[in-house]
Amino acid sequence: MAVEVKVIKKPGRTIAEQIYIPEIAKGLGFAMGRFFQNTFGPQAKKEIDTVKYPEEKVEYPERFRGVHRLTHRVDGSPRCVACLCCSTACPAQCIHIEPAEYEPDDPRHGYERYPSVFVIDELRCIFCGYCVEACPCDAIRMDTGIHMPPSTNRDHFLFDKETLLSIPGRDGSYLTANPRHEPGDATHPGIDRERGH
Amino acid sequence: MTTTFLVVSSLVKVLAILLITVGGFAPVLIWAERRQSAMIQDRLGPSRAAITLPASAVTFIDRARLPMWRLAALTGIVAIVALVTLTFIAVKGSNPLPISTSSLTASLVAFGGASVVLRAGYGVHGMIVRNGGKIMLIGLLHPVADALKFIFKEDFVPPKADKLLFSAGPIIALIPAIAAFAVIPFASSLHWDYLNQVLPRTGEIAGPVVPLQVASINVGILFIFAIASTGIIGAAISGYASDNKYSLLGGIRAASQMVSYEVVLGLTLVPAFMIYASLRLEDMTMWQHDHMWGIFVPPLTLAAVNFFVAAVAETKRVPFDLPEGESELVGGYLTEYSGMKFGMFFMGEFVEVVSLAAIASVIFLGGWDVPFLYRDGFEFSLPFVAASYSVPLVHWLVVAIQFVVFLFKIIALIWFQLMIRWSLPRFRYDQLMSLCWKGLLPISLLNILVVGAFILSGWLDGWVAFFEKLF
């Protein structure tokens, strides 16, 4: 069986390219065109991609995992119920929570707890987002859209409860889109520890 | 001319050259090279180095902007009124107004200048405020930062290096590059006694003459070659003294490349000596001033191209930067150098770029010659028509214009060298050598023959006469 051979011309071997000088002129012309367009051309025609970082900032993508925040309830208290899911899920072990019981006369007493201490070490955090995945209450989020501001002091990277509560989401809201059903609300399913199912 | 006058004027000239090359061109080139490459590649390049002003100063600057703009507009209006009045007087032929013409001219210059300065100040102040009180000067502070870094960096010497030669290398590389400027005429001679007068176009002028050139020596261009070949030693011994095989290879490459291209560099300029009939750079410039720029004499056009290629190779820059060849030789003969010693190599390279641009512009682009500018001022004449329009200028102004135009020619050639540097890929070493010995050398030898025939056949005189009739 005869093998079919298709001869392909070697690229870049025309006489004009072998002489080299026309190609140099072409290359120089292109570079000069680029230079004049970007240096002296009208503003609209400049194609400079550089972002002057501290003055100009590129918006992070929507799903960017930024610094954590603790979401609020409508009354401004943290949604967190101190279940320790996030600190358990955290592979970097950067979340420290000390749970506390509500006062006996509080309607939430015996129903859920709250964090008296909630500290995230942002230096230790690897920004994997597992804590957000683990949270059953949508209480911790990484949708702030900001990265950790630089500092020379390690203590600045220990974010306590107040700091975490003071950071809004990217939409400027301290709440989340998921409504919370407090005990006593009409929408509350009525499941709690004291009254049973 | 007294000896004191000679010594003082020479010292001033030397200082001026140092200021222009080491103090001016070299740092700006460090910036320009990066900035220009960035502009080609759609980047912004170095622009971040900044002096930050305190917030109170920024508030003050912001508040000063509006009055500045108003003052600029006001002075601008006054200048326009003066200009309109002057035009009116010029059209009418006489001055019926109570204000004299000279005071009107003075007010036009003063108010116009003030308006431009204030408007520019308004813009600059706005820029500072927009940058949040940071003075960035489009990145021109980067060379300052670089120099500070070079000075405070550790001056490392390899333990087994030859300490004396290691330290001498950068000096030997830098000094010749600067010394080449000694014979370059920056403008026509300055007639010290007639600074504020319009000189006659031709003829001898009595009184002290200051040539704007450090040394007017009869070997002229040969001095440049002699000095430039000293630069080879700098690269070679720094490569040898570094106690590093990469450095040694880089030094050898540098030496062989520069020796080869030195030959071509000399031979490409032989046609120029033949046509200008002198080795003195000031005489060459004078010939071009009297007749035409060297690049417009047909055989010299080829010589100019050859010279430029050889000159780029002589500076050891891309596409001929094989002595540094970082992909093969780490950094070539620069590998072991750091701090200010590296800075001196760097500076020497840039000063060499400037000096080669200066030589090329003196020999091929007329040096300080400005078209239509003569010793008594501008005279524009049209080809084939008897009409001409002349603007007489005082002597110092003529010399200043020549000097500025010469600097512009240098800058244009440097710009072109940087353009080549960022457009072309590096040669292979055998290609480099065959380009020199099989390409440029035969062409320049042939060119000498052609120029000899050109002169002997009388075509040169014919071409010059034709060109002079044209302009």
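Everything below is about the structure printed above this text.
Heads up: these notes are all about the structure in this document. Since we're looking at a predicted model, the values are computed, not measured.

Scanning chain B from N- to C-terminus turns up 14 helices and seven strands. Judged by the C-alpha coordinates and their principal axes, chain B covers about 85 × 70 × 50 Å. Looking at chain B as a whole, 46% of its 471 residues qualify as buried. The long-range share in chain B, meaning contacts at least 24 apart out of those at least 6 apart in sequence, stands at 81%. Of the roughly 22600 Å² that chain B leaves accessible, carbon and sulfur atoms contribute 73%.

All names here are of chain B. Nonpolar side chains collect at one region of the surface, where Val144, Leu148, Ile151, Phe152 and Met340 lie side by side and expose about 510 Å² of accessible area between them. In terms of residue count, helix α4 (residues 142-152) provides more of the nonpolar patch than any other element does, four residues in total. One can find Val144 in helix α4. With a relative accessible area of 44%, Val144 lands in the partly exposed category.

This part takes up the packing of aromatic side chains. Residue and element names in this part refer to chain A. A complete count under the given rule lists 26 aromatic pairs over all chains for this structure. Seen in terms of ring centroids, Phe35 and Phe40 are 6.2 Å apart; in terms of plane orientation they differ by 85°. Their pairing is edge-to-face. A residue is classified by how much of its surface remains accessible, and Phe35, at 8% relative accessible area, is buried. By relative accessible area, which is 61% here, Phe40 ends up exposed.

Now for the pairing of strand β6 (residues 377-381) of chain B. Residues and elements named next belong to chain B. The sheet contact formed by strand β5 (residues 373-374) and β6 spans two bridges and is antiparallel. Residue pairing in the sheet places Leu373 in a bridge with Phe378 of β6. The hairpin turn running from β5 into β6, its antiparallel successor, is two residues long. Inspection of the sheet shows β6 paired to strand β7 (residues 388-392) by five bridges, in the antiparallel sense. Looking across to β7, one finds that Phe378 is bridged to Val391.

We now examine the pattern of salt bridges. Residues and elements named next belong to chain B. Counting across every chain of the model gives 16 salt bridges over all chains. A salt bridge links Arg421 to Glu33, with the shortest nitrogen-to-oxygen separation between them at 2.6 Å. Of this pair, Arg421 sits in helix α12 (residues 395-423) while Glu33 sits in helix α1 (residues 3-40); the two residues are 388 residues apart in sequence, bridging distant segments of the chain. The pair Arg421 / Glu33 is uniform in exposure class, with both members buried. Between Glu349 and Arg317 there is a salt bridge, with its nearest N and O atoms 2.9 Å apart.

Glancing now at the sheet that holds strand β2 (residues 95-101) of chain A. Residue and element names in this part refer to chain A. Here we have three strands laid out as an open sheet, ordered β2-β3-β5, and antiparallel in their pairing. What marks the edges here is a single partner per strand, and that holds for β2 and β5 (158-159). Sheet topology note: the β2/strand β3 (residues 113-121) ladder contains seven bridges and is antiparallel. Each bridged residue has a counterpart across the sheet, and for Glu98 the counterpart in β3 is Val117.

Below, the discussion takes up the interface of chain B and chain A. Accessible area lost during the coming together of the parts is what is often quoted as the interface size. If you look at the interface, chain B gives 16 residues, while chain A gives 18 residues. Buried area between chain B and chain A, both sides added, is near 1600 Å², and the carbon and sulfur share of it is 68%. Ranking the residues of chain B by area buried against chain A places Met39, Asp42 and Leu44 of chain B at the top, with a combined share of 36%. Scanning the region where chain B abuts chain A turns up one salt bridge. Ionic pairing is found between Asp42 of chain B and Arg34 of chain A, a salt bridge with its closest N-O pair at 2.8 Å. Viewed at the interface, chain A and chain B are joined by five residue pairs in polar contact (both at pLDDT 80 or more). Among the secondary structure elements, those contributing two or more residues to the side of chain B that touches chain A are α1 and α12 of chain B. A total of five residues in the side of chain B that touches chain A trace back to one element, the largest contributor, which is α12 of chain B. For the side of chain B that touches chain A, a count of residues per class yields ten nonpolar, two polar and four charged.

So, how was this worked out
- Residues numbered from 1 in each chain as written.
- Chains lettered and ligands numbered in written order.
- Predicted model: local features only at pLDDT ≥ 70, side-chain atom pairs only at ≥ 80, totals over all residues.
- Heavy atoms only, no water.
- Helix = DSSP H or I, 4+ residues; strand = E, 2+ residues; numbered from the N terminus.
- Buried < 20%, exposed > 50% of the residue type's maximum accessible area, 1.4 Å probe, protein only.
- Contact = heavy atoms within 4.5 Å.
- Areas by Shrake-Rupley, 256 points an atom, 1.4 Å probe, with all protein chains shown as cover.
- Patch = residues over 30% accessible without salt bridge, like charges linked within 9 Å, V, L, I, M, F, W, Y side chains within 5 Å.
- Salt bridge = Lys/Arg side-chain N within 4 Å of Asp/Glu carboxyl O.
- Phe/Tyr/Trp six-rings, centres within 6.5 Å; stacked < 30°, edge-to-face > 60°.
- Pairing = 2+ DSSP bridges.
- Buried area = accessible area lost by both parts, 1.4 Å probe.
- Polar contact = N/O pair within 3.5 Å; in protein donor to acceptor, adjacent residues only side chain to side chain.
- Nonpolar A, V, L, I, M, F, W, Y, C, P; charged D, E, K, R; others polar.

Everything listed is a geometric property; what it means functionally is a separate question.
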